[in-house]
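# Chain and residue survey
Here's the letter readout for the chains.
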Amino acid sequence: IADHGYAGLSTNEVTQRAGISRGAMHHHFASRMDLVGAVIEYTFYQRMKHFLSDYFEMLRTRGPEPVPEIASELHWQSVQTREYAAYIELAVAARTDAELGAYFEPAAKRYDQLLLDSGVGLPKQMDHARHVYHIYAVRTTERAAMQEALNAQGVQTGIHYPFPVHLLPAFADLGYHPGQFPH
């Protein structure tokens, strides 16, 4: 996936690169989508596993260094891998491919569970919409510190809505007031 993209992924190429027969591959992955689903799950799992083990090790050994700086350093390391390149390729394709998008939600839910008690606000999915997590947006009370630390590591950050959408001039006729939609 990292070499040829999602569209260029063929089970034939996978078997050749892995040095296995098509029968052996199909024993484990009945279809191309089953293989892709396993790649998504593996990528989520590996990134989180490495991040958490490295994070706790750095907390133990670095002493009083601010947590956002440790987290941003580890995140920066994780986005420079072939696994992350494959994940981004799949996440972008999932925005327009519903079958592929369906594989992202279970993996993201496991990611949510791992971060549940971290104090970081996790992405929410509405009942009427499907999220493919091409951006895993989080909320934190330490936004400026987290942005500064991430930016110092060359990680792009952004505030998608610097002003509450319901208070923008385009929606003034709806009569909303500050505080009506706190989250």
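Residues numbered from 1 in each chain as written. Predicted model: local features only at pLDDT ≥ 70, side-chain atom pairs only at ≥ 80, totals over all residues. Heavy atoms only, no water.

### Focus on the layout of surface pockets
Worth spelling out the cut-off: Any residue with an atom within 4 Å of a point lines the site, the site being either a cavity, points on a 1 Å grid over the protein atoms alone where a 1.4 Å probe fits but cannot get out, or a pocket, an open set with protein on both sides within 12 Å along at least 5 of 7 lines. Grid points are joined across faces, edges and corners, and a volume is the space filled by probe spheres set on the points. Here a helix means four or more residues in a row that DSSP labels H or I, a strand means two or more in a row labelled E, and each is numbered from the N terminus. Note that Gly is not counted as nonpolar here; it falls among the polar residues with everything else outside the nonpolar set of Ala, Val, Leu, Ile, Met, Phe, Trp, Tyr, Cys and Pro and the charged set of Asp, Glu, Lys and Arg.
As a volume, the second largest pocket reaches approximately 520 Å³. As for the second largest pocket, its lining consists of 19 residues, and the residues nearest its centre are Ile 1, Leu 9, Val 14, Arg 17 and Val 39. At the level of elements, helix H1 (11–18), helix H3 (32–62) and helix H5 (82–94) are the ones that each hand at least two residues to the lining of the second largest pocket. In terms of residue class, the lining of the second largest pocket is made up of nine nonpolar, five polar and five charged.

### Description of the packing of aromatic side chains
Going by this rule: What counts as a ring pair is set by centres within 6.5 Å for rings of Phe, Tyr and Trp (its six-membered ring), and what kind of pair is set by the plane angle: stacked under 30 degrees, edge-to-face over 60, tilted for all other angles. Burial classes: relative accessible area under 20% of the type maximum marks a residue as buried, over 50% as exposed, and values in between as partly exposed (1.4 Å probe, protein chains only).
By the definition in use, this model includes two aromatic pairs. Look at Tyr 84 and Tyr 87: their rings are 5.8 Å apart centre to centre, the planes differ by 35°, and that puts the pair in the tilted class. A residue pair is termed a helical-turn pair when its members lie 3 or 4 positions apart in one helix, as Tyr 84 and Tyr 87 do in helix H5 at three residues. Comparing Tyr 84 with Tyr 87 shows no difference in burial state: the two are buried.

### Structural notes on the nonpolar core
Stated formally: Throughout, nonpolar core names a set of buried Ala, Val, Leu, Ile, Met, Phe, Trp, Tyr and Cys residues whose side chains join them through atoms within 4.5 Å. Only heavy atoms matter for contacts: two residues are in contact if any of them lie within 4.5 Å across the pair.
Among the nonpolar cores identified, the biggest contains 15 residues, and Tyr 6, Val 36, Ile 40, Tyr 87, Leu 90, Leu 100 and Phe 104 are the most heavily contacted of them. Elements that contribute at least two residues to this core include exactly H3, H5 and helix H6 (98–115). For this core, the element with the most residues is H5, which contributes six residues. Apart from the residues within four sequence positions on either side, Tyr 6 is in contact with Ile 1, Arg 32, Met 33, Val 36, Glu 89, Leu 90, Ala 93, Asp 97 and Leu 100. Among the nonpolar cores identified, the runner-up in size contains five residues, and Met 58, Ile 70, Ala 71 and Leu 74 belong to it.

This is a description of form; function is not addressed.
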